Amino acid sequence: MKYTMRGGEAKIGEMEAIGFVRRDGLYVLRKNLPKSGFFAELAFLPGTDSLDVRVYEKTSGERYAIFDMPGASGPFVSAMRDEVRRIVDDVSGRCVGNADIREKYVSYVEDAFSCRADYPWENTPDYCVFRCGNGKWFALVMRITLRQLGLEGDGNVSVVNLKADAEKISAGLVDRKSVFPAYHMNKKYWITVLLSSATDFDFLCRLTERSYGLVSKR
């Protein structure tokens, strides 16, 4: 089963420091799952953003195929997946450079478009919007969960919703690595972009400029 890490570039030195060993072009880590009596083997291929996880029975060494079945449920396999998810989150947090760039991005928008962040919702103080001269907003900055982006893990990430050309969205702008289908917006016209070092900042700036251009025309 594949688990997407939280973005950014994996630090091989950090992976080796926590026990990953190089094997046949992969970096592999074995971790016991104390609650289930099994062990998990995590494999990372350099240049990718995911871990391939397989689970094995300790005594026989046989692969536990049910773990890989998306439709499999029940308390045993659910508890096992929770154990694995915590391991993946730990590896991601310790080995992936994914610094939050929210503050850098907010400063860029305020300087580039001569506008200030507006915080319109008292119950979501992490949300702010940036508006064009016509009063319509072209950027919505939020703090949401990884799962709300369709990623594995229980952590939170900063993102921004931007308007984009519909034809570019349908043609592959969304890569589900740094650019995702819009969260809580019309996915035909809006995108959600990860505000972390996983996202090329110049590319993010161009997307923001285009969003401003599209919204200011209205």
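Our subject is the structure that appears above.
About the thresholds
Along each chain, residues carry numbers from 1 onward, in the same order as the chain's sequence is written. Given that the model is predicted, a residue must reach a pLDDT of at least 70 before its local features are reported, and side-chain atom pairs must reach 80 or more before they are shown or counted; all residues, however, enter totals for whole chains, interfaces and linings. As a convention, hydrogens and water are excluded, and side-chain values are obtained from all of the structure's heavy atoms. Helix and strand definitions here come from DSSP, where helices need a minimum of 4 consecutive H or I residues and strands a minimum of 2 consecutive E residues; each element is numbered from the N-terminal end. Accessible area is worked out with a 1.4 Å probe on protein chains only. A residue is then buried under 20% of its type maximum, exposed over 50%, and partly exposed in between. Here, two residues are considered to be in contact whenever any of their heavy atoms come within 4.5 Å of each other. Computed with the Shrake-Rupley method and a 1.4 Å probe, the accessible areas treat only the protein chains shown as cover for residues. Note that His is not counted, nor are the chain ends; the positive residues are Lys and Arg, and the negative ones are Asp and Glu. Throughout, a charge is located at the NZ atom of Lys, the CZ atom of Arg, the CG atom of Asp or the CD atom of Glu. Counting of polar contacts relies on pairs of N or O atoms within 3.5 Å, with two restrictions inside protein: one atom must be capable of donating a hydrogen and the other of accepting it, and residues adjacent in sequence are counted only when both atoms are side-chain atoms. By convention a nonpolar core is built from buried Ala, Val, Leu, Ile, Met, Phe, Trp, Tyr and Cys residues, the set being connected through side-chain atoms within 4.5 Å. DSSP calls a pair of strands paired once it identifies at least 2 bridges connecting them. Here an axis means a line fitted to C-alpha atoms, over the contact stretch when the element is a helix, while the angle between two N-to-C directions is reported on a 0 to 180 degree scale. In this analysis, rings of Phe, Tyr and Trp, with Trp reduced to its six-membered ring, are considered paired at centre separations within 6.5 Å, and the interplanar angle assigns stacked below 30 degrees, edge-to-face beyond 60, and tilted for intermediate values. Over a ring means this: the NZ of a Lys or the CZ of an Arg is within 6 Å of the ring centre and within 35 degrees of the ring normal. The length a helix should cover is 1.5 Å for every residue beyond the first. A carboxyl oxygen of Asp or Glu within 4 Å of a side-chain nitrogen of Lys or Arg is what we treat as a salt bridge.

*Asks:* If you had to explain the overall build of the protein chain to someone new, which residues and values would you point to?
*Replies:* Scanning the protein chain from terminus to terminus reveals five helices and twelve strands. With the principal axes as the frame, the protein chain shows a C-alpha extent of 65 × 35 × 35 Å. Considering the protein chain as a whole, with its 218 residues, one finds that 44% of them fall into the buried category. Pairs at least 24 apart in sequence give 51% of the contacts found in the protein chain among residues at least 6 apart. As presented, the protein chain carries roughly 11,500 Å² of accessible surface, and 48% of it is formed by carbon and sulfur atoms. If the 32 positive side-chain charges of the protein chain are averaged to one point and the 29 negative ones to another, these points end up 4 Å apart.

*Asks:* Talk me through the side chain of T192; I want residue IDs and the actual numbers.
*Replies:* On the secondary structure map, T192 appears in strand β12 (residues 190–194). There is a polar contact of 2.5 Å between the side chain of T192 and the side chain of N161. Polar side-chain contacts of T192 include one of 2.8 Å to the backbone nitrogen of Y183. When neighbours within four sequence positions are excluded, T192 is seen to be in contact with L149, V159, V160, N161, S178, V179, F180, P181, A182 and Y183.

*Asks:* Break down the nonpolar core for me, citing the residues and quoting the values.
*Replies:* Y105, F130, F138, V160, L162, I191 and L204 are the most contacted members of the largest nonpolar core, which totals 30 residues. Broken down by secondary-structure element, the contributors of at least two residues to this core are α3 (102–113), β8 (128–131), β9 (137–145), β10 (156–163), α4 (166–173), β12 and α5 (201–216). In terms of nonpolar packing, the next biggest core, distinct from the first, is built from 24 residues, M5, A10, I87 and C95 among them.

*Asks:* Break down the sheet that holds strand β11 (residues 179–181) for me, with residues and values.
*Replies:* Judged by pairing direction, the sheet is antiparallel, and its five strands sit side by side in the order β8-β9-β10-β12-β11 without closing on themselves. Edge positions in the sheet fall to β8 and β11, since each has one partner strand and no second. Strand-to-strand, the axes of this sheet are offset by a mean angle of 30°, without reference to chain direction. Pairing of β10 with β12 involves five bridges; the strand directions are antiparallel. Residue pairing for β12: L162 is matched across the bridge by I191. Along the sheet face, α5 touches β9, β10, β11 and β12 and points at about 45° away from the line of β10.

*Asks:* Outline the packing of aromatic side chains, listing residues and values.
*Replies:* Evaluation of the coordinates by the stated rule reveals twelve aromatic pairs. Each ring, one from F38 and one from F76, has its centre 5.9 Å from the other, and the planes form 65°; the classification is edge-to-face. Of this pair, F38 sits in strand β5 (residues 38–44) while F76 sits in helix α2 (residues 75–95); the two residues are 38 residues apart in sequence, bridging distant segments of the chain. Relative accessible area serves as the criterion here: at 11%, F38 is assigned to the buried category. Judged by centre distance (5.0 Å) and plane angle (45°), the rings of W137 and W190 are tilted. Pair noted here: W137 is in strand β9 and W190 is in strand β12, with a separation of 53 residues, a long-range link. Across the ring face of F67, the terminal group of R81 is positioned such that the distance to the ring centre comes to 5.9 Å.

*Asks:* Report on α2, specifying residues and quantitative values.
*Replies:* For α2, with 21 residues, the first-to-last C-alpha span of 30 Å sits near the 30 Å given by 1.5 Å per residue. Within α2 the residues assigned to the buried category are V77, M80, R81, E83, V84, R85, I87, V88, D89, V91, S92 and C95.

*Asks:* Residues and numbers for the pattern of salt bridges, please.
*Replies:* In this structure the tally under the stated criterion is seven salt bridges. Here E110 and R116 are joined by a salt bridge, their closest N and O atoms 2.9 Å apart. R210 is paired through a salt bridge with D165; the nearest N and O atoms lie 2.7 Å apart. Of this pair, R210 sits in helix α5 while D165 sits in the loop between β10 and α4, placing them 45 residues apart in sequence. We classify D165 as buried; its relative accessible area is 10%.

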